[in-house]
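Listed here are the chains, written in short residue letters.
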Amino acid sequence: MTRKQKRLSVIAGGLAFLGAATGLTFYALGQKASYFYMPADLTTASVQPGQRIRLGGLVEKGTIQRGQGATVAFSVTDTHKSVKVTYTGILPDLFREEQGVITEGTFGPDGVFVADSVLAKHDERYMPKEVADGLKAKGVWQESKSD
Amino acid sequence: MVETGHFALVLAFALSLVQTIVPLFGARLNNQRLMAVGGPVAVTGFALTALSFAALASAYASSDFSLANVWENSHSLQPMIYKITGTWGNHEGSMLLWVLILTFFGALVAAFGSNLPATLRANVLAVQGAIGAAFFLFILATSNPFIRLNPAPIEGRDLNPVLQDLGLAIHPPLLYLGYVGFSICFSFSVAALIEGRIDASWARWVRPWTLVAWMFLTGGIAMGSYWAYYELGWGGFWFWDPVENASFMPWLAGTALLHSAIVMEKRSALKIWTLLLAILTFSLSLLGTFLVRSGVLTSVHAFATDPTRGVFILCILTLFIGGSLALFALRASRLTAGGLFHPISREGALVLNNLFLTTATATVLVGTLYPLALEALTGDKISVGAPFFDLTFGPLMLPLLAIVPFGPLLAWKRGDVIAASQRLMAAFALALGAVLVTGLFVDGASVFAALGIGLAVWLVAGALTDLAVKSGVGSVAPSVMFRRFAGLPRSVFGTALAHLGLGLTLLGIVATLSFGTEKILTMRAGETVELSGHTLRFVGLYPTQGPNYSEDRGRFELIGVSGSPVGEISSAKRFFPVRQTTTTESGIKTLGLSQLYISLGDENKDGSVVVRLWWKPLVTLIWGGGLVMMAGAAMSLMDRRLRVGAPSRRRKQASTAAPVALP
């Protein structure tokens, strides 16, 4: 091979590598990113059972049930609709009634959302940003008590 | 004292403007006296920033709640250590720490840069001054920690309980030393572009700074990971959280820079690329600062969300990244391209390393920014987490790790893969053995787990092979061998240690993810549970009182083979009344290199408690490997050849030491 051909083949190899990485990245973004929904969004969005999503909202008052063992059931609401969620594990320290929460998991065939992680992030208002934005969009956001 | 600190900060801002303008014009006019202004001004600027920082720290130590910043983030009952670390446990204070470290590095260049060419030194200090000026202005305009309250409150609002931990004393300073350390590489690059000249001595100057920054960033990330591991009580060590990614991207790019700077120093090749990488690495540090400090992301790190701050940092970001890249586009063609080399050579291996590392950086960047971009453009909210990075970052890292042991064994200019492979036969056999042993004899080992363990063993054995080959194991008499080993350049040890550390970290990650076990159950006092061969008894819940919190401490006993307790672990739920916040203190027992990890949940009505237990085999290696990598960087820094002006002993050393690989 001449020097020029060598150089071209090196460049072609590099570009092919970058192309493959780019392709993989966009494939992964399509497949592996999980979308965020509030309960009322679920009526319009088509979420398949088994599809991984994030469900956010407020923990509905009086719905927290500690069943057998470490499984907890509660409802997540955006004040328009609510969805029943089950979770096995330790709830985060900031998890409480009528506070914002994000759960990640899949819908079971019975329509109950089975979460494998529950986030109640450390924010000044105990309100995850996604949930706050969602509530504002639905017009039910109340500027909460500033301490 | 407080007003003195405030005044010092304003003065430091003014001096940073002087530091930007005067040496820059001095270099342009080739005026020695103007250029000489840079050094003393940089040192004075650092002294003033240190004074300002000390003023804030002393206000924290003495609980001066007349300062709004202290009132918001401290409490008189806090232990002294958290009062002091609270200085940077908030937005304003952490930005002050940021500029303190920035001016510290500037002062170091001024102090140790006497043998730099005068114009280069002046330009470097000017660029450093410009970065400082931007951030001083940011602090004074939007994040001033010295705002007074009148009347002064009697009691403070307490530091965020999650931050009341020793980790706050170590993680942010280390991380900032890393982040900001790359500013020196950036300043050197921009200075080279301003001058339109770059040579191998430039690389000899930049490499130690890259090593220093990289060493601290490695430590900062490892420490942050361990802190999140024990503090959050989730048992995970890495969450691919955008804030973590923000520190990981400069690390990846910095690692690439570290390697390409070697090529530039030794072979005068890859000049333009190295320059670009230095700019990109610090740009990613700035991006990280923006992501964490602007409130774009919600996390423990986003202390307060004030839109003007975000816009301000975005302006700084655009100015410096855009400006330096524009300068690069204008001037890069003037720089002479470097030497040529064969694809199969040390240089070739390092280019491959750079290709993989920069591509990996790009995937992390996409995964971090894509959700933000998508939300801004379409309003859709998505989260990109571990599944995405497993699929993109993983496949890029695996081949890179597999070729790491070859790199140091290839000669410069034209390498011999077959000879290198022969030397690596023993390491390969060990790795293969590890794969077989793991796959056949360890219960529940998947193919991936076996291959992962094999890859880690391959890295460790490869690093040791490098040292063995270079000291002539098997080819010379033992006495010669020991002399050669002792005479190896420190940078060879540095490389071997860093690669070894990487292998150890990988071993820890694979072992923890593949063979770790976990149980969630409810326990009553007196009950026992078994986990991976360890028996634990729940003794009970004991309420205790801390200085600024109350806690329910769950005590557990580790039961030995004989049936009697051999150790105790306790995990607690802490309640901080001032902030009305509960935190979980995980209980960790280190057994060898592995750990038992207990996280206490809520108490049920019947008095039983939800408990989550993990067995994490070899987990400590994840961070131990990071320490070994830091040791490698420190070792390289001690290499005489990295010290400009100490060349005389180097020839003698190199010729007796390593005839195999060093030209």
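None of the values given here were measured: they were computed from a predicted structure.

Caption draft 1: Looking closely at the overall build of chain A. Of the regular secondary structure elements, chain A holds two helices and seven strands. The order of helices and strands in chain A, counted from the N terminus, is α-β-β-β-β-β-β-β-α. Out of the 147 residues in chain A, the part that is buried amounts to 33%. When contacts within chain A are restricted to residue pairs at least 6 apart in sequence, long-range pairs at least 24 apart make up 51% of them.

Caption draft 2: Examining the interface of chain A and chain B more closely. Taken together, the contact between chain A and chain B spans 29 residues of the former and 32 residues of the latter. Elements supplying a minimum of two residues to the side of chain A that touches chain B: α1 (3-32), β1 (34-37) and α2 (129-137) of chain A. Per-element accounting of the side of chain A that touches chain B gives the leading share, 10 residues, to α1(A). Looking at side-chain class alone, the side of chain A that touches chain B contains 14 nonpolar, seven polar and eight charged residues. Of the strand pairs in this sheet, β1(A) and strand β1 (residues 382-383) of chain B are connected by two bridges, and their pairing is antiparallel. From the neighbouring strand, Ser34(A) faces β1(B), where its bridge partner is Ser383(B).

Caption draft 3: Broad picture of the environment of Gly516(B). With respect to the element layout, Gly516(B) can be found in the loop between α19 (490-515) and β2 (517-523). Residue class for Gly516(B) comes out partly exposed when judged on the 18 C-beta atoms lying within 10 Å of it.

Caption draft 4: Main features of the nonpolar core. Residues and elements named next belong to chain B. Counting residues in hydrophobic clusters, the biggest one holds 179 residues, and the most contacted among them are Phe 135, Cys 185, Phe 188, Ala 278 and Leu 459. Among the elements that line this core, the one with the most residues is helix α9 (residues 200-231), at 17 residues. Filtering out sequence-adjacent residues up to four positions away, Cys 185 remains in contact with Val 206, Trp 209, Thr 210, Ala 213, Leu 257, Ala 278, Thr 281 and Phe 282.

Caption draft 5: The sheet that holds strand β10 (residues 609-616) of chain B, seen in detail. All names here are of chain B. Taken in spatial order, the four strands make up an open sheet running β2-β10-β9-β8, and their pairing is antiparallel. Bordering the open sheet on either side are β2 and β8 (587-591), each of which pairs with just one other strand. If you compare each strand with its neighbour and ignore which way they point, the axes differ by 15° on average. Here seven bridges tie β2 to β10, and the two strands are oriented antiparallel to one another. Looking at β10, one finds that Ile 520 is bridged to Arg 612.

Caption draft 6: Region of the structure containing the packing of helix α1 (residues 2-29) of chain B against helix α3 (residues 38-61) of chain B. All names here are of chain B. Where α1 contacts α3, the axes come no closer than 8 Å and their chain directions differ by 160°. Considered as vectors, α1 and α3 are oriented roughly antiparallel to each other. The two elements α1 and α3 cross, and the hand of that crossing is left-handed. Between α1 and α3, the residues in contact are Val 2, Thr 4, Gly 5, Ala 8, Leu 9, Leu 11, Ala 12, Leu 15, Ser 16, Val 18, Gln 19 and Pro 23 and Gly 38, Val 41, Ala 42, Thr 44, Gly 45, Leu 48, Thr 49, Leu 51, Ser 52, Ala 55, Leu 56 and Ala 59, respectively. Here the residues of the contact of α1 with α3 are counted per class, giving 15 nonpolar, nine polar and no charged.

Caption draft 7: Fine view of the environment of Ala68(B). All names here are of chain B. Looking at the secondary structure, you find Ala 68 in helix α4 (residues 68-73). Distance from Ala 68 to Ser 608, taken between C-alpha atoms, is 43 Å for residues 540 residues apart in sequence. Ignoring any residue separated from it by four or fewer positions in sequence, one finds Ala 68 in contact with Ile 147 and Leu 149.

Caption draft 8: Just the domain arrangement of chain B, in detail. Residue and element names in this part refer to chain B. On domain assignment, one finds that chain B holds domain 1 (1-160), domain 2 (165-415), domain 3 (424-515 + 632-657) and domain 4 (517-616). Domain 1 and domain 4 are separated by 43 Å when their C-alpha centres are compared. Listed per partner, the contact involves six residues of domain 1 and five residues of domain 4. Of the residues that constitute the side of domain 1 that touches domain 4, the class distribution is two nonpolar, two polar and two charged.

Caption draft 9: A look at unusual backbone geometry. The amide bond that connects Asn150(B) to the next residue, Pro151(B), takes the cis arrangement and shows omega of 0°. Locating Pro151(B) in the fold gives a position in the loop between α7 (118-142) and α8 (167-195). For Thr79(A), which is not a glycine, the phi torsion comes out positive at approximately 75°. Relative to the elements of secondary structure, Thr79(A) occurs in the loop between β4 (71-77) and β5 (82-88). Here the phi dihedral of Gln580(B) falls at roughly 55°; this positive angle occurs in a residue that is not glycine.

Quick notes on the rules
- Residues numbered from 1 in each chain as written.
- Chains lettered and ligands numbered in written order.
- Predicted model: local features only at pLDDT ≥ 70, side-chain atom pairs only at ≥ 80, totals over all residues.
- Helix = DSSP H or I, 4+ residues; strand = E, 2+ residues; numbered from the N terminus.
- Buried ≥ 20, exposed ≤ 12 C-beta atoms within 10 Å, placed from the backbone.
- Contact = placed C-beta atoms within 7 Å.
- Nonpolar A, V, L, I, M, F, W, Y, C, P; charged D, E, K, R; others polar.
- Pairing = 2+ DSSP bridges.
- Core = buried A, V, L, I, M, F, W, Y, C linked by C-beta atoms within 7 Å.
- Axes fitted to C-alpha atoms, helices over the stretch in contact; angles between N-to-C directions.
- Parallel < 35°, antiparallel > 145°, perpendicular 65-115°, else oblique.
- Left-handed = near helix turned anticlockwise from the far one by under 90°.
- Domains from an automatic or database assignment.

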